[in-house]
Amino acid sequence: MSRHESLYALLAEFAEPTALVRAAHASRKTYRNVDAYAPYAVDGLAEALGFRRNRVPLVTLVGGILGGVGIYALQWYTAVIDYPINSGGRPLDSWPVFIPPTFEVTVLVAAVAAFFGMLALNGLPRLHHPIFNAREFDLASRNRFFLCIRASDPAFDAERTRTFLASLAPLRVIEVPA
Amino acid sequence: MAADSTATLPQGRRYTGAIITDKIADIVLERPMHWGYMLGFALATAFTVLLGVAISYLFAKGVGIWGVNQPVAWAFALTNFVWWVGIGHAGTFISAFLLLLRQHWRTSINRFAEAMTIFAVAMAGLMPILHLGRPWFFYWLIPYPDVMNVWPQWRSPLVWDIFAIATYIIVSILFWYMGLIPDLATLRDRARSRGKQIAYGLFALGWRGDARHWHRFETSYLLMAGLATPLVISVHTVVSLDFSFGLVPGWHSTIFPPYFVDGALYSGFAMALVLAVPMRKVFRLQDFITTRHLAKMGTLMLVTGLLVAYSYLVEVFNAYYSGDRFEIAMIVNRYAGPYAPVAWAVILCNVLIPQALWSTRLRQDPRALFVLGIVVLVGMWLERFMIIVVSLTRDFLPSAWHPFYPTFWDLATLAGSIGAFALLFLLFLRFLPAISMSELRKEARQRPIRVTT
């Protein structure tokens, strides 16, 4: 960081997703602080960047369990302990009728966890990010694919990294001001 | 950039990610309003105002302004409720179930189908609340520690209902919004005015297309689809239990859950076609929502329609097979009683006319599909009316029988809800991309989409 205070990263722009995946693989040999940006979910791109631990399924599972157990416990407590009603002589702990709300709330909390878990793990919402300092980055949400090597990388050197990115045959290499 | 322009595209050219993005985003950002849109908007607004008037008058006077009586305490409001929830179901089926089945053609129709779901369920959610008598206490259905020390009665399907509908609308909104996030980022990046950049930018939540973000996004999206699929089945099941838990002949039947879910999908595909046909024409989206898409929805409508026809048959069979005189009387009353025209209109609209869908040529004719969609929607509304109201007019004791006639305010609430639904849908088309750009970019890369018009 100290050597490149005016620079956030160097971007290489590609026209094809396959070129970006190849470039991501190549960059990982030298660099660690590498990001990739694409206009849609490119298969294998996150893996090429060394992304392994996706915690979204775990968060969703925990949400579902909490929701299901929570609403079942609430139904049991209210129907048996706090507000017992004799409804046609049925047992107070009439568990089969507790199942529909249990199912619904399990789904509800799991879906809420999947959504907000995804956002939280992605660090979103976020009002600004230095990558938007590159004017050309607008195309990342349209048709262009970007490889980004951040200046914070220990192996980053403005000149050598630029040469390396140029060797990957991109459309152009762009400087992202900090 | 000339090659990326959407103005003139030669026939047979392949759609690239850039052209797809421009074509869909420009509907929202650039293109002037079509006269057909303006006309629809004016009509929809007028009917929404009517709904507002109907609701205001209802709040002032109470449910007596409707034609409800004893024994027909559930009439138009519940009929509308069941009908609207059902319409929503096809949207979830298209977006979640077909995603799990890897039906790639769903890509260009899932967004507007999800929007249809949300607006239909919003209309549905309004109805039982209006019907409560004291609608301002609707939140008593939600379990919370109140000062009266009263909790909901968990053994009632009406309590399950609020859980099912609330879960359904929340999950549908989250699923829809999540799919929209990358597209909102595209609109943010393409908008030229500062106001639009800020508005779309805020709703895009800072999405930047990071590969790791995409990975979590896809996982989350798939999980939500997996959750939404059983959810959608459960919702109309619970709605059907509202009736089948009652002892009224014509309600008290084990066939109700599959019968209702299937009818829901049937009316939903009909509504999807009724919305898709004019939409693709007005916004010139025929290359994305092709006749193939329409034909597939037509096929799904035919299949669900046949299952509905089977259910009608089983209802009659069950009544006679049970030997129960009240069940038999219910069937005789339904098909030969004072409301027989309703039942025969149901058979005509839901069973007989839709058989035209066996014709391949007709399934590829947008106009015919539009008309069939309307016919099925009318038929399905009448079916809900037949099940709910006709069954209630004559139950066990003839001394308790009473007919039901709708008043102006019943009809105004129904027409107004259709207007409000249309208004919400038209606003959606104006402010949000009607087709998922990010999914279509990926889809077009794997399976070429070519210019035909």
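Everything numeric in this text was worked out from a predicted model, so none of it was measured.

If you tally the helices and strands in chain B, you get 15 helices and 0 strands. Computed over C-alpha atoms, the radius of gyration of chain B comes to 23 Å, within 12% of the 22 Å expected from 2.2 N^0.38 for 453 residues, which places it in the range of a compact globule. By its C-alpha atoms, chain B is 80 × 60 × 40 Å across when sized along the principal axes. Every one of the 453 residues in chain B was classed for burial, and the buried ones make up 51%. Long-range contacts, defined as pairs at least 24 residues apart, comprise 82% of the intrachain contacts of chain B with a sequence gap of at least 6.

Attention now moves to the nonpolar core. L20, A36 and L45 of chain A together with A272 of chain B are the most contacted members of the largest nonpolar core, which totals 196 residues. For this core, the two domains that each supply at least three residues are domain 1 (2–53 + 131–177) and domain 2 (56–121) of chain A. When sequence neighbours within four positions are dropped, the list of residues in contact with A36 of chain A reads L20, A24, L45, L49, F146, L147 and C148 of chain A together with A211 of chain B.

Moving on: the interface of chain A and chain B. Counting residues at the interface gives 55 residues for chain A, matched by 46 residues for chain B. Elements represented by at least two residues in the side of chain A that touches chain B include exactly β2 (34–37), α2 (45–48), α3 (56–82) and α4 (99–121) of chain A. Considering each element in turn, the side of chain A that touches chain B owes the most residues, 15 residues, to α4 of chain A. The class makeup of the residues in the side of chain A that touches chain B is 38 nonpolar, 10 polar and 7 charged.

Following L124 of chain A, the chain continues to P125 of chain A via a peptide bond in cis, the omega torsion being -5 degrees. Following Q70 of chain B, the chain continues into P71 of chain B via a peptide bond in cis, with omega recorded as 15 degrees. Phi is positive for N149 of chain B, close to 60 degrees, though the residue is something other than glycine. Mapped onto the elements, N149 of chain B comes out in the loop between α4 (110–130) and α5 (157–190). Positive phi, normally seen in glycine, also occurs at R284 of chain B, with a value near 50 degrees. In this structure, R284 of chain B sits in the loop between α8 (256–282) and α9 (291–322).

Further remarks concern the confidence of the model for chain B. Should the pLDDT be low somewhere, the predicted coordinates at that spot are not to be read in detail. Residues and elements named next belong to chain B. Averaged over every residue, the pLDDT of chain B is 91; residues scoring 70 or more account for 98%. Across chain B, helix α11 (residues 340–352) holds the top mean pLDDT of 96, while helix α1 (residues 17–29) sits lowest at 87. Within the model, the stretch residues 1–5 combines pLDDT values under 50 with 2 contacts to residues more than four positions away or in other chains. In the predicted assembly, ipTM is 0.93 and pTM is 0.92.

Sheets are built from strands that pair by backbone hydrogen bonding, the pairs being arranged parallel or antiparallel. Residues and elements named next belong to chain A. Taken in spatial order, the 4 strands make up an open sheet running β2-β3-β1-β4, and their pairing is antiparallel. Edge positions in the open sheet fall to β2 and β4 (172–177), since each of these has one partner strand only. Geometrically, the sheet is characterised by an average inter-axis angle of 25 degrees between neighbouring strands, direction not taken into account. Strand direction decides the pairing type here: strand β1 (residues 7–14) and β4, joined by 6 bridges, are antiparallel. Opposite L11, over in β4, you have I174 as the bridge partner. In the packing of helix α1 (residues 17–27) onto the sheet, contacts are made with β1, β2 and β3 (145–150), and the angle to β3 comes to roughly 15 degrees. Its contacts with the sheet place helix α5 (residues 158–166) against β1, β3 and β4, and it is angled at close to 10 degrees to β1.

Taking 1.5 Å as the rise per residue, α4 of chain B with 21 residues should run 30 Å; its terminal C-alpha atoms sit 31 Å apart, in good agreement. Most of α4 of chain B is tucked away, with 18 of its 21 residues classed as buried.

Let us look at the environment of D210 of chain B. Along the chain, the position of D210 of chain B falls in the loop between α6 (194–203) and α7 (211–244). Once residues lying within four places of it in the same chain are set aside, the contact partners of D210 of chain B are D35 and Y37 of chain A.

Our next topic: the packing of α4 of chain A against α5 of chain B. For any two helices packed against each other, the geometry comes down to the angle between their axes and how far apart the axes lie. Between α4 of chain A and α5 of chain B, whose axes approach to 9 Å, the crossing angle comes to 20 degrees. One way to sum up the angle between α4 of chain A and α5 of chain B is to call them roughly parallel. Helix-helix and strand crossings are classified by hand; for α4 of chain A and α5 of chain B the assignment is left-handed. Together, P100, P101, E104, V105, V107, L108, A111, V112 and F115 of chain A of α4 of chain A and W160, F163, A164, T167, I170, V171, L174 and M178 of chain B of α5 of chain B make up the contact between the two elements. In terms of residue class, the contact of α4 of chain A with α5 of chain B is built from 15 nonpolar, 1 polar and 1 charged.

What follows covers the packing of α9 of chain B against helix α10 (residues 325–336) of chain B. Residue and element names in this part refer to chain B. Taken N-terminus to C-terminus, the directions of α9 and α10 make an angle of 145 degrees; their axes are 7 Å apart at the nearest point. Every pair of crossing elements has a handedness; the one defined by α9 and α10 is left-handed. For the pair α9 and α10, contact is made by V316, A319, Y320 and S322 and by E327, I328, M330 and I331, respectively. For the contact of α9 with α10, the residue count by class is 6 nonpolar, 1 polar and 1 charged.

Calculation notes
- Residues numbered from 1 in each chain as written.
- Chains lettered and ligands numbered in written order.
- Predicted model: local features only at pLDDT ≥ 70, side-chain atom pairs only at ≥ 80, totals over all residues.
- Helix = DSSP H or I, 4+ residues; strand = E, 2+ residues; numbered from the N terminus.
- Rg over C-alpha atoms; globule rule 2.2 N^0.38 Å.
- Buried ≥ 20, exposed ≤ 12 C-beta atoms within 10 Å, placed from the backbone.
- Contact = placed C-beta atoms within 7 Å.
- Core = buried A, V, L, I, M, F, W, Y, C linked by C-beta atoms within 7 Å.
- Domains from an automatic or database assignment.
- Nonpolar A, V, L, I, M, F, W, Y, C, P; charged D, E, K, R; others polar.
- pLDDT = per-residue confidence, 0-100.
- Pairing = 2+ DSSP bridges.
- Axes fitted to C-alpha atoms, helices over the stretch in contact; angles between N-to-C directions.
- Expected span 1.5 Å × (residues − 1).
- Parallel < 35°, antiparallel > 145°, perpendicular 65-115°, else oblique.
- Left-handed = near helix turned anticlockwise from the far one by under 90°.

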